[in-house]
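In case you want the letters, here they are:
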Amino acid sequence: MSSWLLQKLARGLQVASSSRPPQPAEEPARGKMRSSCIVLTAVVALAAYYVYIPLPSSVSDPWKLMLLDAIFRSAQQVSNLIHYLGLSHHLVTLNFIIFSFGKKSAWSSTQVKVTDTDFDGVEVRVFEGSPKPEEPLKRSVVYIHGGGWALASAKISYYDELCTAMAEELNAVIVSIEYRLVPKVHFPEQINDVVRATKYFLQPEVLQKYSVDPGRVGISGDSAGGNLAAVLGQQFSQDASLKSKLKLQALIYPVLQALDFNTPSYQQNVDTPILPRYVMVKYWVDYFKGNQDFVQAMIVNNHTSLDVEEAAALRARLNWTSLLPTVFTKNYTPVVQTTGNARIVREIPQLLDVRSSPLIADREVLQHLPKTYILTCEHDVLRDDGIMYAKRLESAGVEVTLDHFEDAFHGCMIFTSWPTNFSVGIRTRKSYITWLDQNL
Ligand SMILES: *[C@@H]1O[C@H](CO)[C@@H](O)[C@H](O)[C@H]1NC(C)=O
Ligand SMILES: *[C@@H]1O[C@H](CO)[C@@H](O)[C@H](O)[C@H]1NC(C)=O
Ligand SMILES: *[C@@H]1O[C@H](CO)[C@@H](O)[C@H](O)[C@H]1NC(C)=O
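A separate point is the site of ligand 1. The local shell around ligand 1 consists of Gln296, Ala297, Val300, Asn302, Thr339 and Gly340. Between ligand 1 and Asn302 there is a distance of 2.3 Å, counted from an oxygen atom to a side-chain nitrogen or oxygen. In the model, an oxygen atom of ligand 1 is placed 3.0 Å from a nitrogen or oxygen of the Gly340 main chain. For ligand 1, whose accessible area on its own is 360 Å², the fraction buried by protein is 43%. Its residues assigned to classes, the shell around ligand 1 comprises two nonpolar, four polar and no charged.

Let us now look at the nonpolar core. Counting 141 residues, the largest nonpolar core has Trp149, Met166, Ile177, Phe201, Trp284, Tyr389 and Tyr432 as the members making the most contacts within it. When near neighbours in sequence (up to four residues on either side) are disregarded, Trp284 contacts Trp149, Asn227, Val255, Gln257, Ala258, Phe261, Tyr266, Ser356 and Ser357.

With respect to spatial proximity, the complete set of residues near ligand 3 consists of Asp61, Lys64, Trp418, Asn421 and Ser423. Here an oxygen atom of ligand 3 sits 2.2 Å away from a polar atom, N or O, in the side chain of Asn421. About the coverage of ligand 3: the protein hides 42% of its 370 Å² of free accessible area. Partitioning the shell around ligand 3 into residue classes produces one nonpolar, two polar and two charged.

Below, the discussion takes up the state of the cysteines. In protein chemistry, a disulfide is the covalent bond that joins the sulfur atoms of two cysteines. All chains considered together, the criterion is met by zero disulfides. Here Cys163 is not disulfide-linked; the sulfur of Cys412 is the nearest cysteine sulfur, at 16 Å. The class for Cys163 is buried, based on a relative accessible area of 0%. Free cysteine: Cys377, not disulfide-bonded; nearest cysteine sulfur from Cys412 at 4.2 Å. Overall, the relative accessible area of 0% leaves Cys377 in the buried class.

What counts as what
- Residues numbered from 1 in each chain as written.
- Chains lettered and ligands numbered in written order.
- Predicted model: local features only at pLDDT ≥ 70, side-chain atom pairs only at ≥ 80, totals over all residues.
- Heavy atoms only, no water.
- Near = heavy atom within 4 Å.
- Polar contact = N/O pair within 3.5 Å; in protein donor to acceptor, adjacent residues only side chain to side chain.
- Areas by Shrake-Rupley, 256 points an atom, 1.4 Å probe, with all protein chains shown as cover.
- Nonpolar A, V, L, I, M, F, W, Y, C, P; charged D, E, K, R; others polar.
- Core = buried A, V, L, I, M, F, W, Y, C linked by side-chain atoms within 4.5 Å.
- Buried < 20%, exposed > 50% of the residue type's maximum accessible area, 1.4 Å probe, protein only.
- Contact = heavy atoms within 4.5 Å.
- Disulfide = S-S within 2.5 Å.

Here you go:
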């Protein structure tokens, strides 16, 4: 495919150089047209070469995914260039580009009322669905959007549409938290924001104001938002001062650990679009405001090598050779370095903090968690984070639904509308909302 394009491009360039002699005076228009054609062919060929990436045939709508990935990759490259020139932090620029694809102001329809407000100083967008005639009190989900703790917003059309669909189909109140992002704030400020907003919401008088049933509130989030939701779930299940308990947690392709970047899914999806491995590791380092020079060493697990004492006891909690079924481990082998780089966790101790890696929590913490839904994608470095958490929760006695999609890629659940509509986006969202409907 790409070599065919390169040949075509080379031929185009040959034609271009052979047409270098000045055109006869009577044919300027035709000459101009010919060279625009050549330029156009070259641009198209280069664009196609840039867009094309090999993808497993089992992934949903591969051509569309390639285009989406190319757009996201070029946005990242532009942001990196602007960062390099010292004009702005790359994540700020990238977020600016993401916002340009559609930010929505608060709006309302006959079905859903959308308001922007703040809960104890934390911005939130509240989606109020209409109540069912037979039930005066509504169900509710606190939603935390994804984006590597650094990107996206409750107000971009993707998350606005997701929460609208939830509010409408569940006749529920959805609170989408606009927590602060990297590089403005770093770990654990994102956690503090979602904890503060959720605690405020769970107060009896606030729930009453929104006509929410205190016994039917859940927490949910996708990707880095799934990480924050899992952390919040663990903190709330141990907090005796809370009057209302969360009824459930629903984690969508969550990020759950920073100790092993060589789980079978990390190995299998090193270059899989939307979230290649090095991009995920960079999000982690930025979340901790750490030194990006460590990324390459972390990719080979040098931060949790056998000579790093701090990691020794924790490694067994994400031992995927015993936690994952063989259908996922395939022929992959663990990457455990004998000697690594002990400086990494000394400079970034947050890497081993349970508030960043909820997968490594004690069994005593896990056993108090509410009913759990975890959605995983086959074509995602984070697949095994989710599957291992499901396994550890189940062993601790928690009721878990693991919803795995063979043709899914990371981030797919927000891609349901044209032009970024994916069949697997529609199916994952349907499955997620159905589970909430049956369990909340
Ligand atoms: C990992 O650590 C070993 C031992 O210190 C070192 O030789 C190797 O270069 C490191 N690898 C990377 C990618 O930093
Ligand atoms: C992981 O589990 C395997 C199989 O149960 C076991 O042989 C191995 O020692 C464990 N590794 C760690 C680090 O706990
Ligand atoms: C996306 O939407 C367009 C227009 O509604 C439709 O023709 C197309 O089949 C959809 N694609 C997928 C994969 O759902």
